[in-house]
Amino acid sequence: VQLQASGGGLVQAGGYLRLSCAASGRTFSYRAVGWFRQAAGKEREFVAGTMPIGAITSYGDSVKGRFTISRDSAKNTVYLQMNSLNPEDTAVYFCAAGTRTIASTIRRQSAYNYWGQGTLVTVSS
């Protein structure tokens, strides 16, 4: 599975962005797709994840109510709609796919075995 993240950029606080994660290759083999982010000097953290089977979605506490993860199966693409952005959302955002992910592990980096290259989101105050 190859993942290509895009859609990052510079936005003012209160604005919005939509990130895309396009998958290619053995896309039928993955169980979950997640978004993680890493701000400068901080550890990578879970943002959102989705598992088509069971229609499971999960969000990190800091983005709940502001971000929405969705997928377009026909395009093999997962989106992250980010609203009400604030400077604390500034980070490199990574999408990841897991072939053995289960619901209880959807928030763990170790549950994902394929990673995209990351896209930078900068929120100015």
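Attention here is on the structure that accompanies the text. (Residues numbered from 1 in each chain as written. Predicted model: local features only at pLDDT ≥ 70, side-chain atom pairs only at ≥ 80, totals over all residues. Heavy atoms only, no water.)

## So, the overall build of the chain
A tally of helices and strands in the chain yields zero helices and eleven strands. Tracing the chain from N to C terminus, the helices and strands come up as β-β-β-β-β-β-β-β-β-β-β. Since a compact globule built from 125 residues should have a radius of gyration of about 14 Å, the 13 Å found for the chain is in line with a globular shape. C-alpha extents for the chain along the principal axes are approximately 40 × 25 × 25 Å. Across the 125 residues of the chain, 45% fall into the buried class. Counted over contacts in the chain with a minimum sequence separation of 6, partners at least 24 positions apart contribute 58%. For the chain, the centre of its 13 positive side-chain charges and the centre of its 6 negative side-chain charges are spaced 10 Å apart. (Helix = DSSP H or I, 4+ residues; strand = E, 2+ residues; numbered from the N terminus. Rg over C-alpha atoms; globule rule 2.2 N^0.38 Å. Buried < 20%, exposed > 50% of the residue type's maximum accessible area, 1.4 Å probe, protein only. Contact = heavy atoms within 4.5 Å. Lys, Arg positive; Asp, Glu negative; His and termini not counted. Charge placed at Lys NZ, Arg CZ, Asp CG, Glu CD.)

## Observations regarding the pairing of strand S1 (residues 2-6)
Remark: a regular strand shows side chains that alternate across the two faces of the sheet. Side chains Leu 3 and Ala 5 of S1 all project onto a buried face; the interleaved residues Gln 2, Gln 4 and Ser 6 project onto a face where none is buried. As defined by bridge partners, S1 adjoins strand S3 (residues 17-24) across five bridges and the pair is classed as antiparallel. Following the sheet pairing, Gln 4 is matched in S3 by Ala 22. (Pairing = 2+ DSSP bridges.)

## Points about the state of the cysteines
Using the criterion set out here, one finds one disulfide in the structure. With a sulfur-sulfur separation of 2.2 Å, Cys 21 is cross-linked through a disulfide to Cys 95. Torsion about the S-S bond of the Cys 21 and Cys 95 cystine: about 70°, corresponding to right-handed handedness. Taken together, the residues Cys 21 in strand S3 and Cys 95 in strand S9 (residues 91-98) connect sequence positions 74 residues apart. Note on accessibility: Cys 21 and Cys 95 belong to one class, buried. (Disulfide = S-S within 2.5 Å.)

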